Amino acid sequence: MRIVIVLLLLHFSASHAQVYQLKKIQTNTDAYFRGMSVVDDRVAWVSGSKGVVGRSMDGGNTWRFLQVKGHEKLEFRSLYAFDSLHAVIANAGTPAIILRTSDGGRNWQPVFQNSHPDAFIDGVDFWNSNEGIFYGDAIEGSMLIIRTRDGGKTWEELAPDLRPKLMAGEGSFAASGTNIRCIGKANVVIATGGKHSRIFVSHDKAKSWRILNVPIIQGETMTGIFSTAFLDENHGLIVGGNYEIDSLAQDHIFLTQDGGKTWTRPITPTRGIREGSEYISDKVLIAAGYPGIDISYDSGRNWQPLSDEKQFAVVRKARRGSLVVIAGGSGKVGLITSRK
């Protein structure tokens, strides 16, 4: 019996060898950040309300913020940065505008615009440095899909008959830019919410789609999936809830191990609605939302509080590296750091 206890203690210690914590970063802005792109262990970008875009060149410890000239009233909730100089952003609202910079954000050039009264961009991701995709709410019943093949210099809006059809009351939440995920060389996952919350999956860079039904709470305007995170093609997480009544949080977080064919509830869920989520490793996941930040050390099966700090909405890990940045309302920016 003593040997068994020792082995269990050793296993527990090993699984929690790294403990994560929130490190808050001082900023000089009160913008609400919902867009984020973390390139590597040094370069990270954020974007949000009041036309504000921020960039860090030292691993998130210091930031330079600016307002995009001529677009000071827009909310840039969609952001993808290629490196320290090149990035694309899009606003949440009509007209839907995509801008691109090649000088670190000092100047921005318009590369796409849709003036339809229903145009609303919800997120962006890229498969590689050239091929990427923006998506948005339905226009005349079809999800807005916009693709690029030249690193965001030019964009093509897919014809309505090539885009997924959405049901009445079905849209998507531009809460953290993580309701779209490009996975591998050709896969993309897009999550919707509202009166209907589903997942749309393409294995051929948005040429064809299949639909996955999910058991997450839905049926009201502000219910459903607010964020997705995928470790690979099979292992993933969806989080959300009811944005208007968080005290009724239930059926707001689910896991899959088979690419979305089946979904399971965690043993211990997050403490409420969560708007952003990310895999830190195959075992460690972060979920953030207005009420606080939660962490899982066992691949999402059990969650525990990481911080009660409010208003954080988006969390991202570096595409190349281990840097983890978190941001949200009132100009809040932080780092998720580990200690032995």
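Below or above, wherever it landed, is the structure these notes cover. (Residues numbered from 1 in each chain as written. Predicted model: local features only at pLDDT ≥ 70, side-chain atom pairs only at ≥ 80, totals over all residues. Heavy atoms only, no water.)

### Some words on the overall build of the protein
Rules: A run of H or I in DSSP counts as a helix once it spans at least four residues, and a run of E counts as a strand once it spans at least two, with each numbered from the N terminus. For this measure, only C-alpha atoms enter the radius of gyration; the expected value for a globule follows 2.2 Å times N^0.38, where N is the number of residues. Classification of residues uses two cut-offs on accessible area relative to the type maximum, computed with a 1.4 Å probe and protein chains only: under 20% is buried, over 50% is exposed, and between them is partly exposed. Here the open area of atoms and residues is found with the Shrake-Rupley method and a 1.4 Å probe, where only the protein chains shown may cover a residue. For the purpose of counting charges, residues Lys and Arg are taken to be positive, whereas Asp and Glu are taken to be negative. His and the chain ends are not included. Charged side chains are reduced to one point each, which is NZ for Lys, CZ for Arg, CG for Asp and CD for Glu.
Each helix and strand counted, the protein has 1 helix and 29 strands in total. In terms of overall dimensions, the protein is globule-like: its C-alpha atoms have a radius of gyration of 19 Å, near the 20 Å expected for 340 residues. Expressed as a percentage of the 340 residues in the protein, the buried residues total 56%. Surface summary for the protein: the accessible area is close to 14,600 Å², and the carbon and sulfur share equals 52%. Within the protein, one finds 39 positive and 34 negative side-chain charges whose respective centroids are separated by 5 Å.

### Some thoughts on the environment of Ala-138
To keep things clear, this is the line we draw: In this description, contact between two residues means that some pair of their heavy atoms is separated by no more than 4.5 Å.
Along the chain, Ala-138 turns up in strand 11 (residues 132–139). Along the primary structure Ala-138 and Gly-169 are separated by 31 residues, whereas in three dimensions their C-alpha atoms are 9.8 Å apart. Beyond its immediate chain neighbours, meaning those up to four positions away, Ala-138 contacts Asp-118, Met-143 and Leu-166.

### Details of the nonpolar core
Where we set the bar: By convention a nonpolar core is built from buried Ala, Val, Leu, Ile, Met, Phe, Trp, Tyr and Cys residues, the set being connected through side-chain atoms within 4.5 Å.
Counting residues in hydrophobic clusters, the biggest one holds 17 residues, and the most contacted among them are Phe-33, Trp-63 and Val-325. Only strand 2 (33–38), strand 3 (44–48), strand 28 (324–328) and strand 29 (333–339) provide two or more residues apiece to this core. At 3 residues, the largest contribution of residues to this core is made by strand 2. Discounting chain neighbours no more than four positions away, the residues touching Trp-63 are Ile-25, Ala-44, Trp-45, Val-46, Gly-54, Arg-55, Ser-56, Val-325 and Val-333. With 16 residues, the next largest nonpolar core counts Phe-112, Ile-139, Leu-144 and Trp-155 among its residues.

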